[in-house]
Amino acid sequence: MKFRFVGQYTNGRDSITILGVRFDGREPSEASGESAERLARHPEFEIVEDEPEIPVIIENEIAEETPKRRGRPRRSEG
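The rules behind each value
Residues numbered from 1 in each chain as written. Predicted model: local features only at pLDDT ≥ 70, side-chain atom pairs only at ≥ 80, totals over all residues. Heavy atoms only, no water. Helix = DSSP H or I, 4+ residues; strand = E, 2+ residues; numbered from the N terminus. Polar contact = N/O pair within 3.5 Å; in protein donor to acceptor, adjacent residues only side chain to side chain. Contact = heavy atoms within 4.5 Å. Phe/Tyr/Trp six-rings, centres within 6.5 Å; stacked < 30°, edge-to-face > 60°. Buried < 20%, exposed > 50% of the residue type's maximum accessible area, 1.4 Å probe, protein only.

(A) The arrangement of the side chain of Ser29 in detail. Secondary-structure assignment places Ser29 in strand 4 (residues 29–30). In terms of polar contacts, Ser29 uses its side chain to reach the backbone carbonyl oxygen of Arg22, at 2.9 Å. Those residues in contact with Ser29, other than ones at most four positions away along the chain, are Met1, Lys2, Phe3, Val21, Arg22 and Phe23.

Below, the structure is given as structure tokens:
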């Protein structure tokens, strides 16, 4: 599990080592086992969700779409 140091209650401290895990700035750090359980309940840390992967678009798989016509439809004659 990844955690980020919030630093809300530590008088502006940027880095800290707690439960054997080092946090530098606001970058997430990996913690596991009992350390992860304790950090999840600690008010100075937040759980970092894994960032979603960006989908890769392959050129051959791009579907061509016809552009929509803009403006007002033409009047029918008659």
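What follows continues from the structure just given.
(B) Spatial organisation of the packing of aromatic side chains. Per the counting criterion, the structure on display carries two aromatic pairs. On the numbers, 5.5 Å between centres and 50 degrees between planes, the contact of Phe5 with Phe45 is tilted. One end of the pair, Phe5, is in strand 1 (residues 2–5); the other, Phe45, is in strand 5 (residues 45–48), with 40 residues separating them in the sequence. Here Phe5 and Phe45 have matching classes, each one buried. For the pair Phe23 and Phe45, a centre-to-centre distance of 4.7 Å together with 45 degrees between the ring planes defines the contact as tilted. Taken together, the residues span a long stretch of sequence, with Phe23 in strand 3 (residues 21–23) and Phe45 in strand 5 at a distance of 22 residues. The two residues Phe23 and Phe45 agree in class, both being buried. Ring pairs connect the aromatic residues Phe5, Phe23 and Phe45, which therefore count as one cluster.

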